Amino acid sequence: MEIKTRPKTFIDEICAIPGGEGIRLCIQCGTCTASCPNADKMEYTPSQLIAMARAGMRQEVLSSNSMWYCLSCYLCTVRCPRGIKQTGLMHAFECLAERAGLSYAGSFTPTMYRSFNHFACALGSLPEFGFMAWYYMLSNPLRAWRMIPVAWNLFRRGRLSIRARRLTPEGTNQLRAILDKAESIGGVS
Amino acid sequence: MKHYTYFPGCSASEGGAKAYNWSARAVCKALDVDLAELEDWNCCGSTPSSSVDELGAHCMAARDLALAEKKGLDMVTPCSACYVIFNRTNTYFNGYPQFRAKVNEALAAGGLEYRGTLKVRHLLDVLTTDVGYDAIASRVKKPLSELKVAPYYGCQIVRPGFGFDHPESPQSLDKLIASLGSESVPFPLKARCCGGSLIISEEDLALGLIRKIFDSASSNGAECLVTVCPLCQTNLDAYQSRVNKKFKTDYQLPVLFFTQLIGIAFGLSEEDLGLKTGIVPAERVLAKYV
């Protein structure tokens, strides 16, 4: 006999991510929203985002700007009376949006995260100068000139290294092999 | 002597927070704490990586965890971001068998395996818990009496909380400052966010958060801030003039790493502590002690 299973929903997808299963416990008390330093910048507040995700509004959630304003300060997470890991949910929404090609285009935060990840994966370390230069090139080169005073102040105190710290060739290859394998496995869920 | 595996992180090793690394090493040496740097470590992946490629980010962290686990010692990092990332990977690794299997499958491609036994700790935890306030106080040569310090914890050292200090009203840094002979001012925003990496992509928003922190510290009479995180230090120090310009304020608050403050009280040299690397000059405030 054929067993019919219901199609996988957005909430199933979220629950399969480590830490995501808590989303089912939300009582919509709004503590996360009230604690969030950036809730007023978000299209949908953290508690709205949870309600929408539970209603299956995948497209609306993943294309919103909300999670890209998450500061990863974890205030919502420590205050949630239901033990939901909202900061982890925000990261999960970001990754799902990236995979679906839905990342919000009205902020440079996704570009900044991608630039960071690009360097961290390729070199195994984060050269701050290179990362910033790359980010400004991809986002808005005109804004780079505004950064000159900050960069100059860091540079003259020896805090802006042009050269990146490099791993040994063996270490670089090892990291490459691990990350290639991780990519072939796909996501965490 | 106490022994640890040491993970400086990108900012403290080669980046903008070199003085944190120097001062951490100098202070640990004075306290008989041996920091053996993890060989060939890679970037922990930090929060940005886990926002675009979750499994890849966890695997970056897991390579370091696997390498450090072989050493058989607790791993200590001075960076709050590295601290939160490693502990998050550890929590998932030990709580979700499927996640564990995926991470180890990826690690195997590099000839590594992680068993999930490594304990990752913040340097502030090690110095206050393992070494202790009394041992630190007994090493003080120049008590920092009269110096009014705002202890800034930021977020990720105490949240989401990996068993070290209170997530919203932490006390360890306050007590540490007291053991150096100085006074920590009341500081309601001591564990609020500095804007983190959004200072790069959403500067105006982050400057507003930083301003609130300065306001809280300075209205309570602080002469300087002390931080436990390279990113917090950079945001509060390198962007202080931007805050002043944007909000027409006049904050002149030097932002020191907590290890620099300990080093000053221990009478260590200015060079060893990298005191000249601060952008907001600390000379005036520290004139009596350095």
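Definitions and limits used
- Here, residues in each chain are numbered from 1, in the same order as that chain's written sequence.
- As they are written, the chains are lettered A onward and the ligands numbered 1 onward, keeping that order.
- Whole-chain, interface and lining totals are the exception, using all residues; otherwise, since this is a predicted model, local features are given only for residues with pLDDT of at least 70 and side-chain atom pairs are given and counted only at 80 or more.
- Each helix corresponds to a stretch of at least 4 residues labelled H or I by DSSP, and each strand to a stretch of at least 2 residues labelled E; elements are numbered beginning at the N terminus.
- Three exposure classes are used. Buried residues have 20 or more other C-beta atoms within 10 Å of their own C-beta, exposed residues have 12 or fewer, and partly exposed residues fall in between, all C-beta atoms being placed from the backbone.
- Think of it this way: build a C-beta for each residue from its backbone, and any pair within 7 Å is a contact.
- Atoms considered for the radius of gyration are the C-alpha atoms alone. The globule rule reads 2.2 Å times the number of residues to the power 0.38.
- On a range of 0 to 100, pLDDT expresses the predictor's confidence in each residue.
- Under the grouping applied here, Gly and all other residues not named as nonpolar or charged are polar, the nonpolar ones being Ala, Val, Leu, Ile, Met, Phe, Trp, Tyr, Cys and Pro and the charged ones Asp, Glu, Lys and Arg.
- The reported arc concerns the directions from the helix axis to the C-beta atoms and nothing else.
- Either an automatic procedure or a domain database provided the assignment from which the domain bounds are taken.
- Paired strands are those between which DSSP finds at least two bridges.
- Simply put, an axis is a line fit to the C-alpha atoms, just over the touching stretch for a helix, and the angle between two N-to-C directions goes from 0 to 180 degrees.
- Working definition: the nonpolar core is a set of buried Ala, Val, Leu, Ile, Met, Phe, Trp, Tyr and Cys residues, joined through C-beta atoms within 7 Å.

(A) Fine view of the overall build of chain A. Check the secondary structure of chain A and you find 11 helices and zero strands. Secondary structure elements in chain A, listed N-terminal to C-terminal, are α-α-α-α-α-α-α-α-α-α-α. Expressed as lengths along the three principal axes of its C-alpha atoms, the size of chain A is roughly 65 × 45 × 30 Å. By residue count, 43% of the 189 residues in chain A fall in the buried class. For chain A, contacts bridging at least 24 residues in sequence account for 62% of all contacts bridging at least 6.

(B) A look at the overall build of chain B. If you tally the helices and strands in chain B, you get 16 helices and eight strands. In summary, chain B has a C-alpha radius of gyration of 19 Å against a globular reference of 19 Å for 290 residues, a match within 12%. Projected onto its principal axes, the C-alpha coordinates of chain B cover approximately 55 × 45 × 30 Å. Looking at the 290 residues of chain B, the share that counts as buried comes to 62%. In chain B, once contacts between residues fewer than 6 apart in sequence are set aside, the share between residues at least 24 apart is 78%.

(C) Quick look at the environment of Ala 122 of chain A. Here Ala 122 of chain A lies in helix α7 (residues 109-123). Taking the C-alpha atoms as reference, Ala 122 of chain A lies 7.7 Å from Arg 176 of chain A; in sequence the two are 54 residues apart.

(D) Highlighting the confidence of the model for chain A. A residue-level look at chain A finds 99% of positions with pLDDT of 70 or above and a mean pLDDT of 92. Element-level pLDDT for chain A is lowest in helix α9 (residues 141-144) of chain A, with a mean of 84, against a maximum mean of 98 in helix α2 (residues 31-35) of chain A.

(E) Focus on the interface of chain B and chain A. In this complex, chain B contributes 57 residues to the contact, which on the side of chain A involves 57 residues. Residue assignment for the side of chain B that touches chain A shows that the elements contributing at least two residues are α1 (9-13), α3 (46-50), α4 (54-69), α5 (80-95), α6 (97-108), α10 (198-201) and α11 (203-219) of chain B. With seven residues, the top contributor of residues to the side of chain B that touches chain A is α4 of chain B. Residue composition of the side of chain B that touches chain A, by class: 24 nonpolar, 21 polar and 12 charged.

(F) Region of interest: helix α8 (residues 128-138) of chain A. Along α8 of chain A, the residues that are buried comprise Glu 128, Phe 131, Tyr 135 and Tyr 136 of chain A. All buried residues of α8 of chain A project into a common sector of 125 degrees when viewed along the axis, lining one side. Each element contacted by the buried residues of α8 of chain A is listed here: α7 and α9 of chain A together with α10 of chain B.

(G) Just the domain arrangement of chain A, in detail. Segmenting chain A into domains produces domain 1 (10-100) and domain 2 (109-185). Placing the centre of domain 1 of chain A and that of domain 2 of chain A at their C-alpha centroids yields a distance of 28 Å.

(H) Up close: the domain arrangement of chain B. All names here are of chain B. Taken as a whole, chain B is organised into domain 1 (2-123) and domain 2 (141-286). A separation of 24 Å is found between the C-alpha centroids of domain 1 and domain 2. Listed per partner, the contact involves 23 residues of domain 1 and 23 residues of domain 2. Of all the secondary structure elements, the ones that give two or more residues to the side of domain 1 that touches domain 2 are α1, α2 (18-30), α3 and α5. For the side of domain 1 that touches domain 2, the element with the most residues is α2, which contributes nine residues.

(I) Spotlight on the sheet that holds strand β7 (residues 224-227) of chain B. Residues and elements named next belong to chain B. With parallel pairing, four strands are arranged side by side in an open sheet as β6-β5-β7-β8. Two strands lie at the open edges of the sheet, namely β6 (183-184) and β8 (255-257), each paired on one side alone. With two bridges connecting them, strand β5 (residues 148-151) and β6 associate as parallel partners. Looking at β6, one finds that Lys 148 is bridged to Glu 183. Its contacts with the sheet put helix α9 (residues 172-179) on β5, β6 and β7, and the angle it makes with β5 is roughly 160 degrees.

(J) Local environment of helix α12 (residues 230-238) of chain B. Counting buried residues in α12 of chain B gives nine out of nine residues, a clear majority hidden from the surface. Of all the residues in α12 of chain B, the buried ones are Pro 230, Leu 231, Cys 232, Gln 233, Thr 234, Asn 235, Leu 236, Asp 237 and Ala 238 of chain B.

(K) Region of interest: the nonpolar core. The biggest cluster of nonpolar side chains holds 158 residues, and the ones touching the most others in it are Phe 93 of chain A together with Cys 59, Ile 210, Cys 224, Leu 225, Val 226 and Phe 258 of chain B. In terms of residues, this core owes the most to one element, α4 of chain B, which gives 10 residues. Here Phe 258 of chain B is in contact with Leu 124, Leu 173, Leu 176, Val 226, Thr 227 and Val 228 of chain B, once residues within four sequence places are set aside.

(L) Representation of the pairing of strand β1 (residues 2-6) of chain B within the structure. Both β1 of chain B and strand β2 (residues 33-37) of chain B contribute to a ladder of five bridges, which runs parallel. By the bridge assignment, Lys 2 of chain B is partnered in β2 of chain B with Val 33 of chain B.

(M) Molecular detail of unusual backbone geometry. Residues and elements named next belong to chain B. Of note, the bond from Arg 159 into Pro 160 is cis; its omega dihedral lies within 30 degrees of zero at 0 degrees. Backbone geometry at Asp 32 places phi at a positive 60 degrees, although glycine is not the residue there. By secondary structure assignment, the location of Asp 32 is in the loop between α2 and β2. If you check the backbone angles, Lys 248 has positive phi at about 55 degrees while not being a glycine. Mapped onto the fold, Lys 248 is located in the loop between α13 (240-247) and β8. Exposure remark for Lys 248: the 7 C-beta atoms within 10 Å place this residue in the exposed category.

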